[in-house]
Amino acid sequence: VQLVESGGGLVQPGGSLRLSCAASGFTFSSYTMKWSRQTPGKGRELVATITSAGGLTHYADSAKGRFTISRDNAKNTVYLQMNSLKPEDTAVYLCNVLISRNNYWGQGTQVTVSS
């Protein structure tokens, strides 16, 4: 199983970023995918979840109305569109998948929101 995140960077408050997570080594279309974020002070927070076919999504309160999770099963990729970014969104963003009780994580992509 391999998960590779990309798309992070430095953005001003109010700006937008689109993160991508390319997956391989498993049947991507069969699994729920998640985006989490991690900061030294707050630990790891689950941000968004999307079911295997993309029919159901769930967001943390901090992400509702600003972030959108989506997936392209033909490309084995899950996305996180982040709008109206705030300084408190600064974190390393990671995607993960639970397969047979094993949690697999990518290496993460840094998002920094600052003026």
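The coordinates are above.
Asks: It is not clear to me how the overall build of the protein chain should be interpreted in this structure. Could you clarify?
Replies: Of the regular secondary structure elements, the protein chain holds zero helices and eleven strands. Taking 115 residues into account, the globule formula puts the C-alpha radius of gyration at 13 Å, and the protein chain, at 13 Å, falls close to it. Seen through its C-alpha atoms, the protein chain measures out along the principal axes to roughly 40 × 25 × 20 Å. Relative to its full complement of 115 residues, the protein chain shows a buried share of 40%. Long-range contacts, defined here as pairs at least 24 residues apart, represent 51% of the contacts in the protein chain between residues at least 6 apart.

Asks: Where do I start with the environment of Val4 in this structure?
Replies: Note on placement: Val4 falls in strand S1 (residues 2-6). Taking C-alpha positions, Val4 is 8.8 Å from Leu94, a pair spaced 90 residues apart along the chain. What Val4 contacts, discounting residues up to four positions off in sequence, is Ser20, Cys21, Ala22 and Gln107.

Asks: In this structure, what is going on with the environment of Gly108? I would like to understand it.
Replies: Within the secondary structure, Gly108 sits in the loop between strand S10 (102-105) and strand S11 (109-113). For Gly108, a relative accessible area of 15% gives the class buried.

Asks: What am I meant to see in the state of the cysteines here?
Replies: Put plainly, a disulfide is one covalent bond tying together the sulfur atoms of two cysteines. Under the definition given, this model contains one disulfide. A sulfur-sulfur distance of 1.9 Å marks the disulfide that ties Cys21 to Cys95. Because the torsion about its S-S bond is 50°, the bridge between Cys21 and Cys95 counts as right-handed. Of this pair, Cys21 sits in strand S3 (residues 17-24) while Cys95 sits in strand S9 (residues 91-99); the two residues are 74 residues apart in sequence, bridging distant segments of the chain.

Asks: Is there a simple way to explain the sheet that holds S1 in this structure?
Replies: With antiparallel pairing, four strands are arranged side by side in an open sheet as S1-S3-S8-S7. With one partner strand each, in any of the chains shown, S1 and strand S7 (67-72) form the two edges of the open sheet. Looking at each pair of strands side by side, their axes are set apart by 15° on average, direction ignored. Pairing of S7 with strand S8 (residues 77-82) involves six bridges; the strand directions are antiparallel. Bridged to Phe67 within S8 is Met82.

Asks: Whenever I open this one, the packing of aromatic side chains confuses me. Can you help?
Replies: We describe a pair of aromatic rings using the distance from one ring centre to the other and the angle between the two ring planes. Throughout the structure, instances matching the rule amount to two aromatic pairs. Plain terms: the ring middles of Phe26 and Phe28 are 6.2 Å apart, the flat faces sit at 55° to each other, and that makes the pair tilted. Both residues of the pair, Phe26 and Phe28, count as buried. Measuring from ring centre to ring centre gives 5.8 Å for Phe26 and Tyr31, while their planes differ by 75°; the resulting arrangement is edge-to-face. Take Tyr31: its relative accessible area is 25%, and that puts it in the partly exposed class. Through successive ring pairs, a cluster of aromatic residues spans Phe26, Phe28 and Tyr31. The ring of Trp105 is capped by Arg44, whose NZ or CZ atom sits 4.0 Å from the centre of that ring. The cationic tip of Arg71 hangs over the ring face of Phe28; the distance from NZ or CZ to the ring centre is 4.3 Å.

Parameters at a glance
Residues numbered from 1 in each chain as written. Predicted model: local features only at pLDDT ≥ 70, side-chain atom pairs only at ≥ 80, totals over all residues. Heavy atoms only, no water. Helix = DSSP H or I, 4+ residues; strand = E, 2+ residues; numbered from the N terminus. Rg over C-alpha atoms; globule rule 2.2 N^0.38 Å. Buried < 20%, exposed > 50% of the residue type's maximum accessible area, 1.4 Å probe, protein only. Contact = heavy atoms within 4.5 Å. Disulfide = S-S within 2.5 Å. Pairing = 2+ DSSP bridges. Axes fitted to C-alpha atoms, helices over the stretch in contact; angles between N-to-C directions. Phe/Tyr/Trp six-rings, centres within 6.5 Å; stacked < 30°, edge-to-face > 60°. Lys NZ or Arg CZ within 6 Å of the ring centre and 35° of its normal.

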